Amino acid sequence: MKQLYQEFLDFYRNQLLLGFFKKRGKSLVVPQVLFCIERLMEQYPKKEVIRVLDLGCGEAHLLQILHQATSIFGTDKKVELYGFDNDEEMLQAARSRNNVRAEYVKFDIRHDDFSRYDGYFDVIVSVNTLHEVFSSYLGEGNKKFPVGKVEYAREQICSIITKIAKMLTEDGSLVLYDGLLPPRELMQERIKFKIINPILLHYFKQMTGEFTLWPISYKLTKDVVEMSYQDFCWFVTTFKYLNTKLWHFENQQVYQYMSEREINECFAEAGLRRESFMHVSNDLGLWQNNVEIVGKKFSYPVKSYLLVGSKHYIPSRYDYFGAS
Ligand SMILES: C[S@@+](CC[C@H](N)C(=O)[O-])C[C@H]1O[C@@H](n2cnc3c(N)ncnc32)[C@H](O)[C@@H]1O
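This section reports on the structure supplied with the text. As a convention, each chain's residues are numbered from 1 in the sequence order in which they are written. Selection of residues for local features in this predicted model requires a pLDDT of at least 70, selection of side-chain atom pairs for listing and counting requires 80 or more, and totals for whole chains, interfaces and linings are taken over all residues. Side-chain numbers here rest on the full set of heavy atoms in the structure, without hydrogens or water.

**Some thoughts on the sheet that holds strand β8 (residues 224-228)**
- Should DSSP find at least two bridges between two strands, the strands are taken to pair. Elements are defined by DSSP. Helices are runs of H or I of four residues or more, strands are runs of E of two residues or more, and each kind is numbered from the N terminus. Pairing is antiparallel in the open sheet, where four strands are placed in the order β7-β8-β6-β11. Unpaired on one side and paired on the other, β7 (219-221) and β11 (291-294) mark the two borders of the sheet. The sheet shows a mean angle of 30 degrees between the axes of neighbouring strands, direction not considered.
- Here β7 pairs with β8 via three bridges, running antiparallel. The residue bridging T221 from the neighbouring strand is V224, located in β8.
- This element, helix α7 (residues 198-210), spans β6 (190-195), β7, β8 and β11 of the sheet and lies at about 135 degrees to β6.
- We call two residues in contact when some of their heavy atoms are within 4.5 Å. Axes here mean lines fitted to C-alpha atoms, for a helix over just the part in contact, with angles spanning 0 to 180 degrees between N-to-C directions. The strands touched by helix α8 (residues 229-238) are β6, β8 and β11; relative to β8, the strand with the most contacts, the crossing angle is about 115 degrees.

Structure, rendered in structure tokens:
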């Protein structure tokens, strides 16, 4: 049993690490964080230390990359790295495996007190973490599609973003990368799609039956499925995990949880000025090779977003124009 668990952890960690080296996807986070650090150094050369927190750091792969990059730039002496996560196993691995001088803290985003860090960090980054927190609010004993819980979970995430923003210094920036929900008005509409890959067709029933957050209903005629766009989005973002070691974890998760409008509203409420919002669709090829949308009304969803928000406008040498 212990060995199985160990194998699962190794598999999970490798998946998390690989993502930072892929052409698109969360690797795009690295230049954004480096940019935030660099411009603070330029604008405030007297600032003695720049504190960077990875919230939900896992095994701290991102911190390792940031550590290496700042060493190359020669700016590492000024940068203090912090990694917070609620999983002690992950933190242990981060401490023992990575050769990174960072402070690792066991911290639960849902329950712990953020206020002791108010005004402390210059840059906070959080990658693929808030959807896990969101899913944990949804997963508490629901039987039907938890409409009320979705609203509740969204409010919780918004209030978490406000608490995160308070942890920033007055020149601080927040870099968020996570799943992007298409506009909510589309979600209950019906979509038809053809499952091209016969293996996926074979496993479709298993997959939809084993999802734990709400019941998935669909109509299957030969290889054409009709279901809500909400369930389609869940299906395309999730099928790659089916029959992998991550499946029993991923079947309790929903990756896309807030639309661009909703995230923007949360940032505004938290007092963060949106600097850039990037749509990232790194699995599009996989979806197109496996499922074909029937009819023109719908498209494959954008998978993730990368959002940078700051407390105020901080100029940098890359700006061609002044503040808007
Ligand atoms: C999908 S992993 C992403 C890890 C890392 N950021 C990356 O991109 O490789 C999500 C991380 O969020 C952490 N996490 C989930 N719920 C959390 C919570 N309530 N408080 C703190 N961390 C949490 C998990 O332990 C896990 O390390």
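**A closer look at the nonpolar core**
- In this description, a nonpolar core means a group of buried Ala, Val, Leu, Ile, Met, Phe, Trp, Tyr and Cys residues linked to one another through side-chain atoms lying within 4.5 Å. Each residue is placed in one exposure class: buried if its accessible area under a 1.4 Å probe, protein chains only, is under 20% of its type's maximum, exposed if it is over 50%, and partly exposed if it falls in between. Grouped together as the largest cluster of nonpolar side chains are 74 residues, with contacts concentrated most on I161, F193, F232 and F235.
- Considering each element in turn, this core owes the most residues, eight residues, to helix α6 (residues 147-166).
- Among residues more than four places away in sequence, those in contact with F232 are I191, F193, M227, V291, I293, Y300 and P301.
- Counting residues in each nonpolar core, the second largest holds 35 residues, with L28, V52, Y177 and V280 among its members.

**Describing the side chain of E250**
- Assignment of secondary structure puts E250 in helix α9 (residues 247-250).
- Positive charges come from Lys and Arg, negative ones from Asp and Glu, while His and the chain ends are left out of the count. Should a side-chain nitrogen of Lys or Arg be within 4 Å of a carboxyl oxygen of Asp or Glu, the pair is scored as a salt bridge. K240 provides the closest opposite charge to the buried, unpaired E250, separated from it by 8.5 Å.
- Excluding anything up to four places from it in sequence, E250 contacts T238 and Y241.

**Quick look at the packing of helix α2 (residues 29-43) against helix α3 (residues 61-73)**
- Between α2 and α3, whose axes approach to 11 Å, the crossing angle comes to 50 degrees. On the basis of their axis angle, the class for α2 and α3 is oblique. With respect to the hand of their crossing, α2 and α3 are arranged in right-handed fashion. In this structure, α2 uses V29, V30, V33, L34 and I37 to contact α3, whose residues at the interface are L62, I65, L66, A69, T70 and F73. What sets the label is the angle itself: under 35 degrees gives roughly parallel, over 145 gives roughly antiparallel, 65 to 115 gives roughly perpendicular, and the rest give oblique. Handedness of a helix crossing follows the sense of rotation of the near helix relative to the far helix, less than a right angle counterclockwise being left-handed and clockwise being right-handed.

**Here's the deal with α2**
- Here a helix's expected span is defined as the number of its residues, less one, multiplied by 1.5 Å. For α2, spanning 15 residues, the distance from its first C-alpha to its last is 22 Å, which sits close to the expected 21 Å at 1.5 Å a residue.
- For α2, every residue scored as buried is listed here: V29, V30, Q32, V33, L34, C36, I37, R39, L40 and M41.

**Let's talk about the site of the ligand**
- Here a residue is near a molecule or strand as soon as one of its heavy atoms is found within 4 Å of it. Taken together, 19 residues sit near the ligand, with K26, G56, D85, I109 and V127 positioned nearest.
- Two N or O atoms form a polar contact when they lie within 3.5 Å of each other; inside protein one atom must be a possible hydrogen donor and the other a possible acceptor, and for residues adjacent in sequence the pair counts only when both atoms belong to side chains. Between the ligand and I109, the relevant distance is 2.8 Å, taken from a nitrogen atom to a main-chain nitrogen or oxygen of the residue.
- Surface accessibility follows the Shrake-Rupley procedure with a 1.4 Å probe radius. Residue values consider only the protein chains on display as shielding. Burial of the ligand by the protein chains amounts to 92% of its free accessible area of 590 Å².
- Elements supplying a minimum of two residues to the shell around the ligand: α1 (2-19) and α5 (130-138).
- As a working rule, the residues Ala, Val, Leu, Ile, Met, Phe, Trp, Tyr, Cys and Pro are called nonpolar, Asp, Glu, Lys and Arg charged, and the rest polar, with Gly in that last group. Looking at the shell around the ligand residue by residue, the classes come out as eight nonpolar, five polar and six charged.

**Considering the state of the cysteines**
- Cysteine sulfur pairs qualify as disulfides if the two atoms are within 2.5 Å. Taken as a whole and judged by the stated rule, the model has one disulfide.
- The partner cysteine of C158 in its disulfide is C266, sulfur to sulfur 1.8 Å. A torsion of -55 degrees about the S-S bond marks the disulfide between C158 and C266 as left-handed. Of this pair, C158 sits in helix α6 while C266 sits in helix α10 (residues 260-269), and the two are 108 residues apart along the sequence.
- Residue classification places C158 among the buried residues on the basis of a relative accessible area of 9%.

**Quick look at the packing of α7 against α8**
- The N-to-C vectors of α7 and α8 enclose an angle of 115 degrees; their axes lie 12 Å apart at closest approach. For the element pair α7 and α8, the recorded crossing hand is right-handed. Contacts from L200, F204, M207 and T208 of α7 reach α8 at W234, F235 and T238.
- In the contact of α7 with α8, the residues fall into five nonpolar, two polar and no charged.

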